[in-house]
Amino acid sequence: MNEYDEILKGFRHFAKAREIFAKYKGKWFSGNDNHVGDIGEYWAIRHFLDKKPKLAPNRISPFDFELQNGTRFSVKTMSTWNQRGRSTPIKGINVKNWHYLIAVKLNKSFDVEQFCVVPAREIRKRVAEGTQFKWWTWLEEFQVEFAPK
């Protein structure tokens, strides 16, 4: 396969993936075109599926999803494709809009490599409001066994 055909094939796969994201928008994905983030949120929701997670009401909500008991989560995702070593800023730390930060590290196939659940109080101790998310080594203290339902 030549380079041009391979690129077009990749575009078709990406278009199909976008169709799937759009189809499940509002159920599994909030749909902001940040598909690495969408994938991380999907895995986080799957991890807590038995606790009846519900997506935040809209994309600009100060949290990403909430469990039936009211526990709120912010999700930050990084894949091994990320070459900058940082992601979007962490918001809502000081105003206590969420109880836990879930840090998801994805491999090149977008499967979960590491899954960390960090209490908000630990984030407030270590990270300033608006700091760009990085995969800090201390996150591994909060790694849990990833078990999608």
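Residues numbered from 1 in each chain as written. Predicted model: local features only at pLDDT ≥ 70, side-chain atom pairs only at ≥ 80, totals over all residues. Heavy atoms only, no water.

**Section: the overall build of the protein**
Item 1. Helix and strand counts for the protein come out as three helices and five strands.
Item 2. For the protein, the sequential pattern of α-helices and β-strands runs α-α-β-β-β-β-β-α.
Item 3. In summary, the protein has a C-alpha radius of gyration of 16 Å against a globular reference of 15 Å for 149 residues, a match within 12%.
Item 4. With the principal axes as the frame, the protein shows a C-alpha extent of 50 × 30 × 30 Å.
Item 5. Taking all 149 residues of the protein together, the buried fraction comes to 40%.
Item 6. Of the contacts made within the protein by residues no fewer than 6 positions apart, 56% connect residues no fewer than 24 positions apart.
Item 7. With an accessible surface of roughly 9100 Å², the protein has 50% of that area assigned to carbon and sulfur atoms.
Item 8. When the 26 basic and 17 acidic side-chain charges of the protein are each reduced to a single mean position, those positions are 6 Å apart. (Helix = DSSP H or I, 4+ residues; strand = E, 2+ residues; numbered from the N terminus. Rg over C-alpha atoms; globule rule 2.2 N^0.38 Å. Buried < 20%, exposed > 50% of the residue type's maximum accessible area, 1.4 Å probe, protein only. Contact = heavy atoms within 4.5 Å. Areas by Shrake-Rupley, 256 points an atom, 1.4 Å probe, with all protein chains shown as cover. Lys, Arg positive; Asp, Glu negative; His and termini not counted. Charge placed at Lys NZ, Arg CZ, Asp CG, Glu CD.)

**Regarding the sheet that holds strand β2 (residues 65–66)**
Item 1. An order of β1-β2-β3-β4-β5 is seen for the five strands of this open sheet, with the pairing classed as mixed. Each having just a single partner strand, β1 (54–55) and β5 (112–119) make up the two edges of the open sheet.
Item 2. Sitting on the sheet, helix α2 (residues 35–47) is in contact with β1, β2, β3 (72–79), β4 (100–106) and β5, with an inclination near 130 degrees to β3. (Pairing = 2+ DSSP bridges. Axes fitted to C-alpha atoms, helices over the stretch in contact; angles between N-to-C directions.)

**Side note on the packing of helix α1 (residues 3–23) against α2**
Item 1. The contact between α1 and α2 brings their axes to 12 Å, and the two run at 50 degrees. Relative to α2, the element α1 is oriented oblique. The two elements α1 and α2 meet at a crossing, and its hand is left-handed. Each of Phe 14, Arg 18 and Phe 21 in α1 lies in contact with α2, whose residues at this interface are His 35, Asp 38 and Ile 39. (Parallel < 35°, antiparallel > 145°, perpendicular 65-115°, else oblique. Left-handed = near helix turned anticlockwise from the far one by under 90°.)

**Re the environment of Ala 147**
Item 1. Among the secondary structure elements, Ala 147 is positioned in the segment after α3 (120–126).
Item 2. Given the relative accessible area of 29%, Ala 147 is considered partly exposed.
Item 3. Here the alpha-carbon distance between Ala 147 and His 47, two residues 100 residues apart in the chain, equals 5.6 Å.

**Re the packing of aromatic side chains**
Item 1. Following the criterion strictly, the structure yields 14 aromatic pairs and no others.
Item 2. Where Phe 133 meets Trp 136, the ring centres are 5.6 Å apart and the plane angle is 85 degrees; that geometry is what we call edge-to-face. Trp 136 carries the same exposure label as Phe 133, and that label is buried.
Item 3. Here the aromatic residues Phe 21, Trp 28, Phe 29, Tyr 42, Trp 43, Phe 115 and Phe 146 are joined through ring pairs into a cluster of three or more.
Item 4. Note that Lys 108 overlies the ring of Trp 81, its terminal NZ or CZ placed 4.7 Å from the centroid. (Phe/Tyr/Trp six-rings, centres within 6.5 Å; stacked < 30°, edge-to-face > 60°. Lys NZ or Arg CZ within 6 Å of the ring centre and 35° of its normal.)

**Here's the deal with the confidence of the model for the protein**
Item 1. Of the residues in the protein, 98% reach a pLDDT of 70 or more, and the chain-wide mean stands at 90.
Item 2. Across the protein, β5 holds the top mean pLDDT of 97, while α1 sits lowest at 85. (pLDDT = per-residue confidence, 0-100.)

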